[in-house]
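The residues making up each chain are set out below.
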Amino acid sequence: MKLRRIFALEFGYQLRQVTTGLYFVVLLALAFLIVVGNYLPDARDGYFLLNAPIVLAAVTAICSVKWLLIGASVAGEAGTRDVQTRMHLLTYPAPVSKAQYLGGRFLAAFALSALVLLAIPAGLLLAVYGTGVEAELLGPFRGAAYLTTFGFIALPNAFFASALQFSVVTLSRRALGSYLAGAALFAVAYLIWPVLPQTGNWGRLADPMSFGLVLDHVSTDWSPVEKNTRLLSLDGPFLANRLLWLGFSLALLAFTYWRFQFNIPESARKVQPAAQLDAPGLSRPGWSPEAVGARPTGRGTYGRTTHWRQLRRLTWTAFRQLATSRAGLPLLTLLALLVGLTIRGNLKGRGVPLLPRTDFVLDYLTAPLTEPASFWVLLALLTVFYAGELVWREREAGLGDLVHAAPVPEWVLLLSRFLALALLLVGWLALLLTAGLVAQASLGGARAEIGLYVPVLFGLQLVDCLLFALLALSVHVLVNQKFAGHLVALLVYGALTFAPTLGLEHKLLIYGASPGWTYTEMAGFGPTLTPWLWFKAYWAAWALLLAGVAGLFWVRSRETGLGARLRLARQRLTGAVRWVAAGAATGVVLLGGFIFYNTNVLNPYVSGAAAAAQRASYEQRYHRYRNAPQPLLTGVRLGVEIYPRQRTVVIRGTYQLKNPGRAPIDSVHLATGAGVATSAVHLDQPFRELLADEALGHRIYALRRPLQPGDSLRLRFAVTYHARGFTNGGADALVLDNGTSFRNMEWLPAIGYQPYRELDEAGARKAHGLPARPATPSLYDEAARRYAPFAEQIRFEAVVGTDADQQVVAPGTLRRTWLNAGRHYFHYATDAPIRNEYAIFSARYAVQEGRWRNPAGGPAVAVQVFYPPGLTLNPARMVRSAQASLDYYSRQFGPYPHRQLRFVAHPGYGFGHHAAPIDITVEEGFFLLNPEADARGFDLVTAVVAHEVAHQWWGNQLKQAYVEGAGLITESLAWYSALGMVEDKYGPEHLERLLRFLREENETPRTRAALPLLQANDWYQHYRKGPLALYALSQYMGRDRVNGALRNLLAHHRPGTVPHPTSLDLYRELQTATPDSLRPLLHDLFAANMFWDLATETATARQGQRGRWQVTLTLRARKLVVDSLGAETQLPLQDWVEVGVFGPAAAGQEFGKLLYRQKHLLKSGPQTIVVTVPGPPARAALDPRHLLVDWQSEDNYQAVQLIK
Amino acid sequence: MENHPAGLTIRNVSKRYANGVQALHQVSLRVPPGLYGLLGPNGAGKSTLMRTLATLQEPDEGHIQLGDIDVIHQKEALRQTLGYLPQEFGLYPKASAAELLDYFAVLKGLTSRTERQAVTEALLRQTNLWDKRHQKLGGYSGGMRQRFGVAVALLGNPRLLIVDEPTAGLDPAERVRFLNLLSELSDTSVVLLSTHIVADVAELCTNMAIIDQGQIRLEAEPLAAVTSLRGRIWRQLTATAALPPLAPEHRIISAKRLSGRLLVHVHSPVSPGPGFEPVAPDLEDVYFSALAGCFGPTGDLAQTQKAAR
């Protein structure tokens, strides 16, 4: 009865509060926006139905995590209102048991939270059925889907969160604890999610909100059919998670019940004896009689000096209070420590440690506050929290009237808070700096550059922090209600973070936004700093205005009504304020105008939507010319002048064109580059310009006399790039002071209609009225086999001039270099045709050189690595790998047609490569990889170089058609080739490590639903499953047979011939090479999405005669085919599978000596195999080398039981 | 200027809150230098008036002048010479008295360190907190807190000192000393003391006003007000049950239980009848008469006296 009354009072009291309704509305809007903004486009692109259970579940998971920050006041209030309002003086002595008192309040908090969370299904229903979504995007309405997601995600989350928040506030008696607990849960959810693939099951258990677990169903581990139909069910890790945290919550509540005391918080503290002596009484004088009348005469002085001194004192006091609170410097120190500990794990490229160079450490340590994927989100949340504390501290302590009646101007009060927050942020950055330095020192191998740390952290990053700090403070001042202030500040933060998703892209409209800066040792800040500074200055002017408004509305009066505040603001709007505001407004206008001039006048401003519209209209207008006969590009001569410091490039080019067909050609279509001016187009035959569409980059030239089959034509043009100012995205980083590189694909004109410029996403195509088509053409679309972008074979020649101290790299042999008029010129020409894809580089490089001479004769190949001076860790290793690769590939697959092979550094934080003919682009980070420090003992550098060199065959000689499965004959073949090279040149141990590296990806949970490898369409298939399948095949039928098939593939598809090869051509060659007995395996690996389920159940051994042992294995085997939607069909198994037996492992080794390995013909189901081995066995395994596709590979192995 | 403190003039100040409560209605007062008592029951509008004088609230209309300072529009100027002791206030529990007083000294414009030290020491001694200046404020008793508040209010030698219900939490001895202190201070400044305890005013104030329901019921010197009631207050000791029949016929200004019976004071220019005996009025009778409306709606003492003649 009492419990019910306590519950009812709490529930009713909070229900009547405006904030409760506000929470509901905000959450509803959030759910609605997430569906409409995020999942609707995905549904239009065909990933799932909009009302698929998993979509509902994902939205519920996201919203319930966001709710942690929004709705924390519910539990906070329930737990502390009595103490806050001092009503506990009445309630505590009342004859109520702890269970009734706490139980009623907790249950009310939980019920209210559950009620507020009902906004999620409400928002879902509104978004799904209230927005006129196309009927084909919707499945049937299923109440169970809403009930299960609410019941399994939202409700338990509300319970766990309420229990934690309620316990924290009840025991600490501070409502704020609720926010901190909510923020902690929020942080845990967002921190665990990205690392789930590495953590395995404990990660799924560790997050009380089971956030990543649900979201991963959408992204990786559910098949399309499951996504659309499967209801979230309580089983597996999900059930374990729910039960674990339910138990934890109950235990926590029990603990709270045990610890809670009905006593007055003040009296719970130890009373100092001095206070007790001061019992009021006549015997002790309350006032010092002799002092009365001796009145102090000091009077205040007023004026600017006093104001500054007051500012200093107020700032310092506010800072000290904030910094010494538990959520101040102690928390920040803890955070910095955590960040510091994660530096090692994050300074890695594909698991290989990096040299901790300062620029890369800083890239990890800094991010805009609105970057959702970085730890700075926590700092943004903390800033909001600190701002609330600073604005409210005095008033909450009851000092408000005393302070506000003191002669301190509003601007001093406001500015002191801002400076206190700024000091705290500076403190945080100093902690971060320390974390970076310590991490660098402990990792070793790189110099700590204080001269870089300081400007980046205390210049760039601090400005970002300060702009946001001022915003948070202003919001708190203007809202003037602490919890509502937190909520509004969070909403503002969310709006800033997701502004582009909400359709707001121009950074002039998003508070604090600017293009990002980058700094790498090679390129420095390059041109990224200037636009950053302009945008920040513009936002600083806005911030000043905002501060002015906050100052005008600063509350020091007891009256907080809007009318009263407006009246006061008008009173405060004095001359000085007007001048400051006018100055700031002028700044906004002038800086904004300058930025607008740069982003929208000097450079075209193209929003995401406008860019899509352009691509759509390109297709609509010019697709009809797709099959118009066009001349073929056969030769390119360029005269290039690069002016790195002026960020200008002038290119004069000549294309040699030829009519390759049987019909005369009457017009030439030219696709011009974006971001450059193409001019002086001239044909060496009489012609007329029919069309010049500058916006879409398409021109048509009519030939007076049609070009007859076999005849040639020469096209001259000029292309000028001149960076003018900056764009909304910043300054483009093609032409840099050091590290210029540009590609023909972006800048130079291409012949004919360019299908790669079309829109691919189904939803976008539909929105623009384009006919539906698959994003990638079907493998069986024969017409599509005639197209591959930039597949022409050309002779290339270029004379390139650059600054005197720079070096130019271009395809071909460097014929000559000379200096002229203070500039450095380079003349490059190819000796054999290359594919029409090339880049031209200019920078200050160091060069590592080597030579490779083909044992079969022919000219030597120069292997060169152009690397950033000083990064000497890898170039020699790269040269060795390239030499070995050239040797192996040319022997296995056919000759290397060029006389050079180059790796050229490109500035950037990445580790990637791009293998154009002859010249391979290498991102700067690759040179920082330190394979010697890799705990796996794995040399990624050598392996990746081998992979890239293999692209000189797979991708540059064999040019795949632009259809499904294209990745199989480029990336898969490149990794497969690298495997062979590593085995031959570096030995089986290196091969085993590389294979293990490739198989690491199998441990990441993902759906089995997929197309067969022949239609491979994702990264995992291209880079992991494909090479492993080819390797398995080579182990079954011999590497030479597979390599022979590849050699034939290359021989049958010479460069420059159409139709272009597809994965079907590879399959045909493999079929030819495969003996009949292995044809089914070939099919299962490539033409079907087959999975094997192999396990060794028991293994026993009995000693036989003469040291021989008889091993008996009971095995289980089955295989199943999974289609692209996820339907699984079990098939009878009749396959040759390896059986292996190993001797005892030496200390520190995983396996002992291999005693036995033979293929056995297995059937479906349980079976027994007996083998004899020549020594004592310790472990036995089915498919010990993991050749077949079996993601559950641990159960392949079994320890052998020895029977006496 | 300190020798000739300027008075405080309040003219036609009105205030209505957003919830419809008319907290002040056309309040006009002339507060000369000295100790001035503002007497009124709880909820009469005293605190609203005090906060308005302390620049923490805006009146809807009216004008307030302290010497040459327009209180409503020259808040900054007023704050420089204002001492304010609010009815309720809190302190940072973890700060010491010396530390927090020093902090407030800076806020009050005492930026010279040596001067500040002298002033805070003098004030801490004056309020008898010197020995406990390093103790955390969280451990202070109610009286000590109040004294600390006075020390804060006295910083900077204010010309206008506003003390809102300061004696509520004090024991009798402390209360007396506190009032003595206020009295001392009133030599050089305007000290406005709001209270609902008649005795506070009776003993020390040279001037007073009685406020009820947002209106000034009486503005007078306490002694003159008592004198004016001479011969108009009558009392009767009745059985408890007798109160209701009395009510309509007489202007009862107060009724107190006394040893199981009821002591009734009645305001009447002539003898209200048998059973009543005249009584020498005191300030409490003035207060209750004012609340009962016996001084007329304007609260002007002279007017009432004239009408009575």
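Residues numbered from 1 in each chain as written. Chains lettered and ligands numbered in written order. Predicted model: local features only at pLDDT ≥ 70, side-chain atom pairs only at ≥ 80, totals over all residues.

1. So, the overall build of chain B
- A count of helices and strands for chain B gives 11 helices and 14 strands.
- Here the C-alpha atoms of chain B give a radius of gyration of 22 Å, agreeing with the 19 Å that 2.2 N^0.38 yields for 309 residues.
- The principal-axis extents of the C-alpha atoms in chain B amount to approximately 70 × 40 × 40 Å.
- When contacts within chain B are restricted to residue pairs at least 6 apart in sequence, those whose partners lie at least 24 apart make up 68%. (Helix = DSSP H or I, 4+ residues; strand = E, 2+ residues; numbered from the N terminus. Rg over C-alpha atoms; globule rule 2.2 N^0.38 Å. Contact = placed C-beta atoms within 7 Å.)

2. Some words on the domain arrangement of chain A
All names here are of chain A.
- Along its sequence, chain A is carved into domain 1 (2–264), domain 2 (306–497 + 510–531) and domain 3 (1089–1204).
- Once you take the C-alpha centre of each, domain 1 and domain 2 turn out to be 29 Å apart.
- In this assembly, 11 residues from domain 1 lie in contact with 11 residues from domain 2.
- When residues of the side of domain 1 that touches domain 2 are traced back to their parent elements, those giving at least two are α2 (18–44), α3 (53–70) and α9 (176–199).
- If you tally residues by element for the side of domain 1 that touches domain 2, the top one is α9, at five residues.
- Residues that form the side of domain 1 that touches domain 2 fall into these classes: nine nonpolar, two polar and no charged. (Domains from an automatic or database assignment. Nonpolar A, V, L, I, M, F, W, Y, C, P; charged D, E, K, R; others polar.)

3. Thoughts on the interface of chain B and chain A
- The interface of chain B with chain A comprises 55 residues on the first partner and 49 residues on the second.
- The set of elements that each furnish at least two residues to the side of chain B that touches chain A consists of α2 (75–79), β6 (82–85), α3 (97–107), α4 (113–126), α5 (142–154) and α6 (172–185) of chain B.
- Grouping the amino acids of the side of chain B that touches chain A by side-chain chemistry returns 24 nonpolar, 17 polar and 14 charged.

4. Structural notes on unusual backbone geometry
- At the junction of valine 1058 of chain A and proline 1059 of chain A, the peptide bond is cis and its omega measures out at -5 degrees in the coordinates.
- Of note, proline 1059 of chain A is situated in the loop between α35 (1039–1052) and α36 (1063–1073).
- Phi at isoleucine 918 of chain A is positive, roughly 70 degrees, even though this residue is not glycine.
- Along the chain, isoleucine 918 of chain A turns up in the loop between β21 (913–915) and β22 (919–923).
- Isoleucine 918 of chain A sits in the buried class, given 28 other C-beta atoms within 10 Å.
- Positive phi values are uncommon outside glycine, yet asparagine 157 of chain B reaches one of about 55 degrees.
- Residue placement: asparagine 157 of chain B occurs in the loop between α5 and β7 (160–164).
- Given 21 C-beta atoms within 10 Å, asparagine 157 of chain B falls into the buried group. (Buried ≥ 20, exposed ≤ 12 C-beta atoms within 10 Å, placed from the backbone.)

5. What to know about the sheet that holds strand β11 (residues 750–751) of chain A
Residue and element names in this part refer to chain A.
- With antiparallel pairing, four strands are arranged side by side in an open sheet as β7-β8-β5-β11. Each of the sheet's edge strands pairs with one partner strand only, and the pair in question is β7 (687–693) and β11.
- Strand direction decides the pairing type here: strand β5 (residues 665–671) and β11, joined by two bridges, are antiparallel. Pairing of alanine 671 across the sheet is with alanine 750, part of β11. (Pairing = 2+ DSSP bridges.)

6. Some remarks on the sheet that holds strand β20 (residues 900–906) of chain A
Residue and element names in this part refer to chain A.
- In space, the five strands of this open sheet follow the order β18-β19-β20-β22-β21, with mixed pairing throughout. Each of the sheet's edge strands pairs with one partner strand only, and the pair in question is β18 (846–852) and β21. In this sheet, neighbouring strand axes are inclined to one another by 15 degrees on average, regardless of whether the strands run parallel or antiparallel.
- For β21 and β22, the ladder comprises three bridges, and the chain directions are antiparallel. Note on β22: the bridge partner recorded for histidine 913 is valine 922. (Axes fitted to C-alpha atoms, helices over the stretch in contact; angles between N-to-C directions.)

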